[in-house]
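Fold and contact review
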Amino acid sequence: IASWTRPHGNFGRFASVSDGLALTRGEGLPGRTWASGRAEWTRDVVGDPNFPRAAVAMGDGLHSAFACPVVAPGGRLVGIMEFFSQQMRDPDAELLETMATIAGQVGQFAERRLAERTLRESEERFRRIADSAPLPLWVTRADRSRAFVNDAYVALMGTGREEARRPDWRTRHHPADRQQALARTLPGAAALRDIYFAPPAPPRAVLGAWLPHAPQT
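Structural notes, computed from the coordinates. Predicted, not measured: the structure shown is a model, and the values here were computed from it.

Rules and cut-offs
- Residues numbered from 1 in each chain as written.
- Predicted model: local features only at pLDDT ≥ 70, side-chain atom pairs only at ≥ 80, totals over all residues.
- Heavy atoms only, no water.
- Core = buried A, V, L, I, M, F, W, Y, C linked by side-chain atoms within 4.5 Å.
- Buried < 20%, exposed > 50% of the residue type's maximum accessible area, 1.4 Å probe, protein only.
- Helix = DSSP H or I, 4+ residues; strand = E, 2+ residues; numbered from the N terminus.
- Contact = heavy atoms within 4.5 Å.
- Phe/Tyr/Trp six-rings, centres within 6.5 Å; stacked < 30°, edge-to-face > 60°.
- Expected span 1.5 Å × (residues − 1).
- Polar contact = N/O pair within 3.5 Å; in protein donor to acceptor, adjacent residues only side chain to side chain.
- Salt bridge = Lys/Arg side-chain N within 4 Å of Asp/Glu carboxyl O.

**Things to note about the nonpolar core**
- Core analysis: the biggest nonpolar cluster contains 11 residues, these being F11, F14, L29, V45, F51, A54, V56, A57, L62, A65 and A67.
- For this core, the secondary structure elements donating two or more residues are α3 (54–59) and β2 (65–71).
- If you tally residues by element for this core, the top one is α3, at 3 residues.
- Ignoring anything within four residues of it in the chain, the contact list for A65 reads L29, E40, W41, T42, V45, F83 and F84.
- Counting 8 residues, the second-largest nonpolar core is a separate cluster that includes V70, M81, M99 and A103.

**Observations regarding the packing of aromatic side chains**
- Counting across every chain of the model gives 6 aromatic pairs.
- Centre to centre, the rings of F14 and F84 are 4.9 Å apart; their planes meet at 75 degrees, and the pair counts as edge-to-face. With F14 in helix α1 (residues 12–19) and F84 in strand β3 (residues 77–84), this pair connects stretches of sequence that are 70 residues apart.
- Geometrically, the ring pair formed by F51 and F84 is edge-to-face, given 6.2 Å between the ring centres and 65 degrees between the ring planes.

**As for helix α4 (residues 93–132)**
- A rise of 1.5 Å per residue sets the reference length of α4, with its 40 residues, at 58 Å; its end C-alpha atoms lie 58 Å apart and thus fit the reference within 8%.
- Within α4, the full set of buried residues consists of L96, M99, A103, G107 and A130.
- In this fold, the buried residues of α4 make contact with β1 (40–42), β2, β3 and β5 (146–149).
- Regarding α4, its N-cap is D92, as a side-chain oxygen of that residue lies 3.1 Å from the backbone nitrogen of E94 further along.

**What about the pattern of salt bridges?**
- One pass over the full model with this rule turns up 8 salt bridges.
- Between E111 and R76 there is a salt bridge, with its nearest N and O atoms 2.6 Å apart. Taken together, the residues E111 in helix α4 and R76 in the loop between β2 and β3 connect sequence positions 35 residues apart.
- Among the residues examined, E111 registers a relative accessible area of 26% and is labelled partly exposed.
- Notably, a salt bridge pairs E124 with R127, separated by 3.2 Å at the nearest N-O pair.

Have a look at this one:
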């Protein structure tokens, strides 16, 4: 919850009570807006029997108020915006329409921020899991550059993380294995199929004679 007031406005008590307030659906001005799914207007919150903050509003000299639902694309409610005045005002349809448009833009912004946060959290979980793996793991883009390498991959390359993302792992094969490995892996990579690797026995090099094989069932 966040609150904004005009410069030199003294509404600290009302803002403090509002910040810690929990309302159910249909309760108070935000609850009514939540229940109806549309903007709600109250000419005088002090005399409104369904406004739990009436006493505090009276103390801070607040009277008229309206609230708008903040709706994300797809119709999901993500919040409520409330506005208060020290004067008693009748409902203003043009103002409500304007604020509904602004609330819709806020809803789109909130949805994008939520999607970005969800993606960051998902990527962090993936990194933690991948970095805990004892084997090298990496994600390759269509242009063959590395989007991600785990700690084991970096250790295998013996460089820093950024340096480890640059070289193509195919160039790290032992020369005796390179052509065979490329011939077996390129069709799978082109078809975006999973490729499984196992070291030859005995391995010819630390960095790479890894040949694809069918997974055991």
